[in-house]
Protein chains: 2
Amino acid sequence: MVVDQLSDAELDRLFQAFADTTRRDIMRRVAVGEYSVSGLASLYAMSFAAVQKHVAVLERASLVTKEKRGREQIVRGNHEGLQKARRLLDEYEAIWRQRAARIAEILAEE
Amino acid sequence: MVVDQLSDAELDRLFQAFADTTRRDIMRRVAVGEYSVSGLASLYAMSFAAVQKHVAVLERASLVTKEKRGREQIVRGNHEGLQKARRLLDEYEAIWRQRAARIAEILAEE
DNA sequence: CTGATCTACAACCATTTGGTTGTAGGATAT
DNA sequence: ATATCCTACAACCAAATGGTTGTAGATCAG
């Protein structure tokens, strides 16, 4: 049963978001704790604006959410987004296993 | 135990490769059967050269291998590459669950 | 041998990406 | 009230991406 049909564009954004070392690192951070955008920015050797853009990419991909708290913007990991990406790879894995099973079957026939 | 340490560049290439609808479709195809480059090209509304480039991207990401057979180049899915991507997402998932467990622990303390 | 097929690769083009600096506006602290 | 901090966003730039066409080398069929 396919609960949640993912559009191509959504998957493009998801995997594109993972395709950058800084963004993967941000994902690791926000999975564990809370960070403001500037808190994240202080961790990397690049401008605040650059980190802000990375967070925006993650946000568009639904991998992260932002919530305003005072003058800060708190970045939190979004479990759903991560699961969607995982689900797709699991699907490929399943196709692969089916094929392996089919091959074994054919070999067993002779 | 981490058996296989993945470099950042390798992961960049892996996820970048998945970040395109045509390439994900190619992955689905070659996971099931064998295709020549031109066989794949005939499936999409774009030039042969464009498909050739997509295959090259998948190949550089170790998601696919090519093998020369006569005048054709046979494209096959590479299970290892797929598993590497899955492993990373699983890792994030694990971090997430650890954090959820930790939160539950804290709540249980009071 | 000739022609058709499959592939590789270069050159080109428009758009996106990942970075920068600069400007401006809200929230906070003193 | 003023200075500082955090954020948003625009403008710009170089490099990468996703596409094209064209050329050329192998391989196969007749």
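Owing to the predicted nature of the structure, the values given are computational and were not obtained by experimental measurement.

Student: When you look at the relation of the copies chain A and chain B in this model, what are you seeing that I'm missing?
Tutor: The operation relating the two chain copies consists of a rotation about an axis and a shift along that axis. With an RMSD of 0.0 Å, the fit of chain A onto chain B corresponds to turning through 180° and sliding 0.0 Å along the axis. As the rotation angle and translation indicate, the two copies are arranged about a two-fold axis. Both copies present the same face, since 100% of the interface residues in chain A are matched by interface residues at the equivalent positions in chain B.

Student: So what exactly am I meant to see when it comes to the interface of chain A and chain B here?
Tutor: Size of an interface: often given as the accessible area lost when the parts come together. The interface is formed by 30 residues belonging to chain A together with 30 residues belonging to chain B. Carbon and sulfur atoms make up 60% of the area that chain A and chain B hide from each other, which totals about 3200 Å². At the junction of chain A and chain B, the tally comes to 6 salt bridges. For glutamate 93 of chain B, the salt bridge is made with arginine 86 of chain A, and the minimal N-O distance between the two is 3.5 Å. Here chain A and chain B share 18 residue pairs in polar contact (both at pLDDT 80 or more) between them.

Student: Even after reading the chapter, I still don't get the protein's contact with DNA strand D, so can you show me in this structure?
Tutor: In the vicinity of DNA strand D, 23 residues are found, and the nearest of them are Ser38 and Gln73 of chain A together with Ser47, Lys53 and His54 of chain B. Among the atoms of DNA strand D close to the protein, meaning within 4 Å, 64% are from sugar or phosphate groups. Here a sugar or linking oxygen of DNA strand D and a side-chain polar atom of arginine 71 of chain A are 3.3 Å apart. Among the elements of the structure, helix H3 (37-41), helix H4 (48-60) and strand E3 (72-77) of chain A together with helix H4 (48-60) of chain B are those that each provide at least two residues to the surface near DNA strand D.

Student: Looking at this model, I keep getting lost on the protein's contact with DNA strand C. Mind explaining?
Tutor: Taken together, 22 residues surround DNA strand C, and among them Ser47, Lys53 and His54 of chain A together with Ser38 and Gln73 of chain B come closest. In the environment of DNA strand C, a phosphate oxygen lies 3.1 Å from a nitrogen or oxygen atom belonging to the side chain of arginine 23 of chain A. Within the side chain of arginine 71 of chain B, an N or O atom sits 3.4 Å from a sugar or linking oxygen of DNA strand C. At the level of elements, H4 of chain A together with helix H3 (37-41), H4 and strand E3 (72-77) of chain B are the ones that each hand at least two residues to the surface near DNA strand C. When its residues are assigned to classes, the surface near DNA strand C shows 6 nonpolar, 8 polar and 8 charged.

The rules we used
- Residues numbered from 1 in each chain as written.
- Chains lettered and ligands numbered in written order.
- Predicted model: local features only at pLDDT ≥ 70, side-chain atom pairs only at ≥ 80, totals over all residues.
- Heavy atoms only, no water.
- Least-squares fit on C-alpha atoms with pLDDT ≥ 70 in both.
- Contact = heavy atoms within 4.5 Å.
- Buried area = accessible area lost by both parts, 1.4 Å probe.
- Salt bridge = Lys/Arg side-chain N within 4 Å of Asp/Glu carboxyl O.
- Polar contact = N/O pair within 3.5 Å; in protein donor to acceptor, adjacent residues only side chain to side chain.
- Near = heavy atom within 4 Å.
- Helix = DSSP H or I, 4+ residues; strand = E, 2+ residues; numbered from the N terminus.
- Nonpolar A, V, L, I, M, F, W, Y, C, P; charged D, E, K, R; others polar.

Everything listed here is a matter of geometry and, on its own, says nothing about what the molecule does.
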